[in-house]
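# Chains, contacts and geometry: an overview
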Amino acid sequence: MSSSISPLAALASIITSGVHTLESAYSEHGVPFPSLDEPYSAGPLDNDAAVTATTHLIIAAAHQLIATIRTPIATIHDYAPSMYMSSSLGLITDVNVPDALKDEPAGLHVDVIGAKVNVDSGKLARVLRYLATRHVFREVTPNVFANNRISSVLIKSRSFEQLKADKSTKYDGAIAAALVGHQTDEGQISNSFFIEHLRDAPKDVETPFHLAFKTKATLWEWYEEPINRLRRQRFANAMAGDGERFPATIFTGGFNWNTLDAESVIVDVGGGVGSVTLTLAKAFPQYKYVVQDLPEVIDGQARTYWEGQSPQSVSDGTVTLQTHNFFEPQPVKDAAVYFMRMIMHNWPDATSITILKHLRAAAAPSSKLVIFDMLMLHACPDPAGLPPPPYPLLANLGLPVGGFITAIDLHMLNLLNGQERTVSQFAALGEASGWKLEGVKPGALAALVFSAV
Ligand SMILES: C[S@@+](CC[C@H](N)C(=O)[O-])C[C@H]1O[C@@H](n2cnc3c(N)ncnc32)[C@H](O)[C@@H]1O
């Protein structure tokens, strides 16, 4: 697409008009736009679809503007050492720095922080300054650091003293911290074998993770090993957090649940702790739900999760927690709906087809399959992609949309030999396993609805 307006002016204009739209939306709600300097607190427009769309345009334009005006070598100098962002976030999360600063709005001197978290204060100052320079934490006065809007989301749910006393429950209810822990521990360790794996690894070594941890087990089998219990718990907490990060409407509106008969059975296959089921069971309490996962997940975090969130759903039989390996025949026959959130992207095509065939074999002719997953989007114009964005933005909206999808795609490659897929790739998985793609509801996670054929 071409335009008489220069790319720089077009990008600046997207930013200016977007900022105007945001300020108007906040002023209509009588609240100021949240300050980067203040800890995060939930606001009325956090999940507002129009605000999110405007925010995406501004971020895409701002990022493209930086890429346009910055010298190429400066951009390379920024991107190439980005592993220090992972390391820095990993360290401060692991040693509980945001928690140490939780009740310190004026900040603490790094000597005090270092003593509290048991890290050399001279080195910690450099890590915190790296982060503060990238808007995570605030350097209030030289060497005095405070939480800001971004660092504060890494505060865990236990007090600093409890976190130090008992590491086994460190990540319970700590959504963002658990995600950082997963990505910067098993993710980053595997990533150090990423180049070697893609370039040199024998074909029977499935992923960089397998090279890094010298294992033949899948990530899930590895998590089941007793030595990885804390990592498995952390991962489950991160996924439970995803249930809260993605708006409930993705799940409640992704399929026309109201068309089902009362008491229909809905199966959450590979459901983790069952956070999507919790959302659905709150919205549609007339149905029966089964959350299935591997034994350690069901008998561990899933039971604890439901005891905390909605014990009566389990005691009155609305929700059943069931151990099931989805590579074995599906025990719940003729369910109204089998659904999976962020399962298909964990597996390569052949394995995904096996999972889907087990569901098809258990399904009734009327059963539906609903897959909630991200859709891969090309960076170039694509009739199957997003509606064309304003000139001169990338067709997948760059950083805020395509950036997230492509990062998770590489994370899948790194740990699982999985991948994010386009709509036609999902349709092909369905065709190979007896499911016909009937409809796609796009969104932060798409809902792909299949019927049995
Ligand atoms: C990315 S998580 C998604 C969890 C859940 N669907 C959600 O969105 O919160 C993948 C889940 O698949 C489960 N899983 C892996 N292999 C499995 C298997 N063979 N059978 C059943 N569940 C499995 C894992 O334990 C994990 O909970």
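We now turn to the structure provided with this report. Quick caveat, the model's predicted, so the values are computed rather than measured. Residue numbering note: each chain is counted from 1, following its sequence as written. Only residues with pLDDT of at least 70 are given local features in this predicted model, and only at 80 or more are side-chain atom pairs given and counted; all residues enter the totals for whole chains, interfaces and linings. No hydrogens and no water enter the side-chain calculation; it runs on all heavy atoms of the structure.

## Describing the overall build of the protein chain
The cut-off we apply is this: Each helix is a run of H or I in the DSSP string that is no shorter than four residues. Each strand is a run of E no shorter than two, and both are numbered from the N terminus. Just to be clear, the radius of gyration here is over C-alpha atoms, and the globule rule we use is 2.2 Å times residues to the power 0.38. With a 1.4 Å probe rolled over the protein chains alone, any residue whose accessible area is under 20% of its type maximum counts as buried; one over 50% counts as exposed, and the rest are partly exposed. For every accessible area listed, the method is Shrake-Rupley and the probe measures 1.4 Å; residues are considered covered only by the protein chains on display. In this charge count, Lys and Arg are treated as positive and Asp and Glu as negative; neither His nor the chain ends contribute. By convention, the charge on Lys lies at NZ, on Arg at CZ, on Asp at CG and on Glu at CD.
Helix and strand counts for the protein chain come out as 20 helices and ten strands. For 453 residues, the compact-globule estimate of 2.2 N^0.38 gives 22 Å, and the protein chain sits close to it at 23 Å. With respect to the principal axes defined by its C-alpha atoms, the protein chain has extents near 65 × 60 × 55 Å. Buried residues in the protein chain amount to 47% of all 453 residues. Accessible surface computed for the protein chain: about 21,800 Å², of which carbon and sulfur atoms make up 59%. Charge centroids of the protein chain, computed over 34 positive and 45 negative side chains, lie 3 Å from each other.

## Quick word on the sheet that holds strand 1 (residues 108-109)
Strand pairing in a sheet relies on backbone hydrogen bonds. The paired strands run either parallel or antiparallel. The condition that has to hold: Only strands that DSSP links by at least two bridges are regarded as paired with each other.
Taken in spatial order, the three strands line up as 1-3-2 in an open sheet, and their pairing is antiparallel. Every interior strand has two partners, whereas the edge strands, strand 1 and strand 2 (138-141), have only one. Bridging between strand 1 and strand 3 (residues 144-146) involves two bridges; their strand directions are antiparallel. If you follow Leu108 over to strand 3, its bridge partner there is Phe145.

## Concerning the site of the ligand
Note the threshold: Whether a residue is near a molecule or strand depends on its heavy atoms: it is near if one of them lies within 4 Å of it. Whenever a nitrogen or oxygen atom comes within 3.5 Å of another N or O atom, the pair is scored as a polar contact, on the condition that within protein one atom can donate a hydrogen and the other can accept it, and that pairs from neighbouring residues in sequence are kept only if both atoms are in side chains. Note on residue categories: nonpolar means Ala, Val, Leu, Ile, Met, Phe, Trp, Tyr, Cys or Pro, charged means Asp, Glu, Lys or Arg, and polar means any other residue, Gly included. What fixes the domain bounds is an automatic or database domain assignment.
Close to the ligand lie 18 residues, the nearest being Gly270, Asp293, Asn325, Phe326 and Arg341. Measuring from a nitrogen atom of the ligand, one finds a side-chain N or O atom of Asn325 at 2.9 Å. Arg341 places a polar side-chain atom, nitrogen or oxygen, 2.5 Å from an oxygen atom of the ligand. Taken together, the residues that form the shell around the ligand break down as ten nonpolar, six polar and two charged. Counting residues domain by domain, the shell around the ligand receives three or more from each of domain 3 (175-239) and domain 4 (242-375 + 421-452).

## A look at the side chain of Thr422
Using the following cut-off: Contacts are assigned to residue pairs with any non-hydrogen atoms lying within 4.5 Å of each other.
Mapping Thr422 onto the fold places it in the loop between helix 19 (399-416) and helix 20 (423-431). Residue Thr422 is classed as buried on the basis of its relative accessible area of 14%. Among residues more than four places away in sequence, those in contact with Thr422 are Leu375, Met376 and His378.

## Re the pattern of salt bridges
Which entries qualify depends on this criterion: The rule for a salt bridge is simple: a side-chain nitrogen of Lys or Arg has to be within 4 Å of a carboxyl oxygen of Asp or Glu.
Under the counting rule described, the total for this entry stands at 14 salt bridges. It is possible to trace a salt-bridge network through shared partners that takes in Asp185, Glu186, Arg231 and Arg234.

## Describing the environment of Met239
Locating Met239 in the fold gives a position in helix 13 (residues 229-245). Separated by 63 residues in sequence, Met239 and Ala176 have C-alpha atoms that sit 9.8 Å apart.

## Some details on the nonpolar core
The condition that has to hold: Only buried residues count toward a nonpolar core. Its members are Ala, Val, Leu, Ile, Met, Phe, Trp, Tyr and Cys residues joined through side-chain atoms within 4.5 Å.
If you look at the biggest cluster of nonpolar residues, it comprises 84 residues, and the most contacted ones within it are Trp257 and Met340. With residues up to four places along the chain from it excluded, the contact list for Met340 reads Val269, Ile355, Leu356, Leu359, Leu369, Val370, Ile371 and Phe372. With 22 residues, the next largest nonpolar core counts Val95, Leu101, Phe145 and Val180 among its residues.

## Side note on the packing of aromatic side chains
To be explicit about the condition: Paired rings are identified among Phe, Tyr and Trp, the last through its six-membered ring, by centres lying within 6.5 Å, and are further divided according to the angle between planes into stacked (under 30 degrees), edge-to-face (over 60) and tilted (the rest). By definition, being over a ring means that NZ of Lys or CZ of Arg is both within 6 Å of the ring centre and within 35 degrees of the ring normal.
Here the structure, examined in full by the defined rule, presents 18 aromatic pairs. Between Tyr305 and Trp306, the ring centres sit 6.0 Å apart and the planes meet at 80°, which makes this aromatic pair edge-to-face. A residue is classified by how much of its surface remains accessible, and Tyr305, at 14% relative accessible area, is buried. With a relative accessible area of 1%, Trp306 lands in the buried category. Counting every residue linked through ring pairs, the aromatic cluster contains Phe251, Phe255, Trp257, Phe284, Tyr287, Phe339 and Phe372. Just above the ring of Tyr171 sits the side chain of Arg234; from NZ or CZ to the centre is 5.7 Å. Note that Arg360 overlies the ring of Trp435, its terminal NZ or CZ placed 6.0 Å from the centroid.

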